[in-house]
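Structure at a glance
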Amino acid sequence: LWLVNTHDTLLTFTSSGRVFWLPVHQLPDAGPNARGRPIINWIPLVEGEKVQAVLPVREYDDAHYVFFATRNGTVKKTPLSEFAFRLARGKIAINLDEDDALVGVALTDGGRDIMLFASNGKAVRFDESEVRSMGRTATGVRGMRLNGKEDMVVSMVVVEGDGEILTASENGFGKRTGISAYPKRGRGTQGVIAIQSSERNGKLVGAIQLTEQNEILLISDQGTMVRTRASEVSQVGR
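All values reported here derive from a predicted model rather than from experimental measurement.

Reading the values: the criteria
Residues numbered from 1 in each chain as written. Predicted model: local features only at pLDDT ≥ 70, side-chain atom pairs only at ≥ 80, totals over all residues. Heavy atoms only, no water. Pairing = 2+ DSSP bridges. Helix = DSSP H or I, 4+ residues; strand = E, 2+ residues; numbered from the N terminus. Phe/Tyr/Trp six-rings, centres within 6.5 Å; stacked < 30°, edge-to-face > 60°. Buried < 20%, exposed > 50% of the residue type's maximum accessible area, 1.4 Å probe, protein only. Lys NZ or Arg CZ within 6 Å of the ring centre and 35° of its normal. Polar contact = N/O pair within 3.5 Å; in protein donor to acceptor, adjacent residues only side chain to side chain. Contact = heavy atoms within 4.5 Å.

As paired strands, strand E16 (residues 215-219) and strand E17 (residues 225-229) are joined by five bridges and run antiparallel to one another. Within E17, the residue paired with Leu218 across the bridge is Val226. Counted between consecutive antiparallel strands, the loop separating E16 from E17 contains five residues, among which Gly223 sits at a positive phi close to 90°.

Encoded structure:
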């Protein structure tokens, strides 16, 4: 979910590692109950290719980067200016291994803290400067070390000041934890526990940064949406 206006362009990243440019003004307005239209109407996806991440952009400058995180724990950052030149057929944004996929894309300024969250309930926090700038076709470097074959990165958070991290599990449980509770252990480590991945909770499915003033939209895999205030979610330790 993104807040955008008609002057933005959506950098749309796909499962194959390609990027497309989609002007917001081309998209039709629709209500919350509308089914929407297939994105293939605007983006020439090939068979089996899916949209993995969307990033609203207005200006392409050299002071910002596009930061990537993949399911297998790989991270990469590329100067935003490398995405200024558009091709209708799309361009390579990141070179993905055959069994990998994008899980997060964000704009950074080169000096942010990055947090990766895995399905096993663990999280790693490191300085963005630990990842050197790379070209579009580079694969990237290890951002998080995963324990088992079934473990995967499910969320990336680019830290903005203070606040809390909301973690949510597949069985509908969640909690708020202060960002300060997550120590910096460096890129490529297994991280620390963010939420217990237990039989009751299920696996971790998502994590975002917020404050008590925010509201939360939780959407199930059946399309049901629940809206609640962040302050109504318990604040507890990792």
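What follows concerns the sheet that holds strand E9 (residues 122-127). Spatial ordering of the open sheet is given by E11-E8-E9-E14, a layout of four strands whose pairing is antiparallel. Unpaired on one side and paired on the other, strand E11 (153-158) and strand E14 (192-193) mark the two borders of the sheet. Sheet topology places strand E8 (residues 113-118) next to E9; five bridges connect them, and they run antiparallel. Residue pairing across strands places Asp113 opposite Asp127, the latter belonging to E9.

Here the structure, examined in full by the defined rule, presents three aromatic pairs. Note on Phe13 and Phe68: the rings are 5.5 Å apart at their centroids and 85° apart in plane angle, and the pair reads as edge-to-face. Taken together, the residues Phe13 in strand E1 (residues 9-14) and Phe68 in strand E4 (residues 65-70) connect sequence positions 55 residues apart. Like Phe68, Phe13 is buried. Measuring from ring centre to ring centre gives 6.1 Å for Phe117 and Tyr182, while their planes differ by 75°; the resulting arrangement is edge-to-face. Here Phe117 is found in strand E8, whereas its partner Tyr182 is found in the loop between strand E13 (174-178) and E14, with 65 residues between them in sequence. As far as the burial class goes, Phe117 and Tyr182 line up, both buried. Within the aromatic cluster, the residues linked to one another by ring pairs are Phe13, Phe68 and Phe83. It is Lys77 that lies over the ring of Tyr65; its NZ or CZ is 4.8 Å from the centre. Sitting above the plane of the Phe173 ring, Arg200 keeps its charged end 3.9 Å from the centroid.

Further remarks concern the side chain of Arg112. Relative to the elements of secondary structure, Arg112 occurs in the loop between strand E7 (102-108) and E8. With relative accessibility at 18%, the residue Arg112 sits in the buried group. Polar side-chain contacts of Arg112 include one of 3.2 Å to the backbone oxygen of Val159. Each residue touching Arg112, except ones within four places of it in the same chain, is listed here: Phe126, Asp127, Glu128, Val158, Val159 and Glu160.

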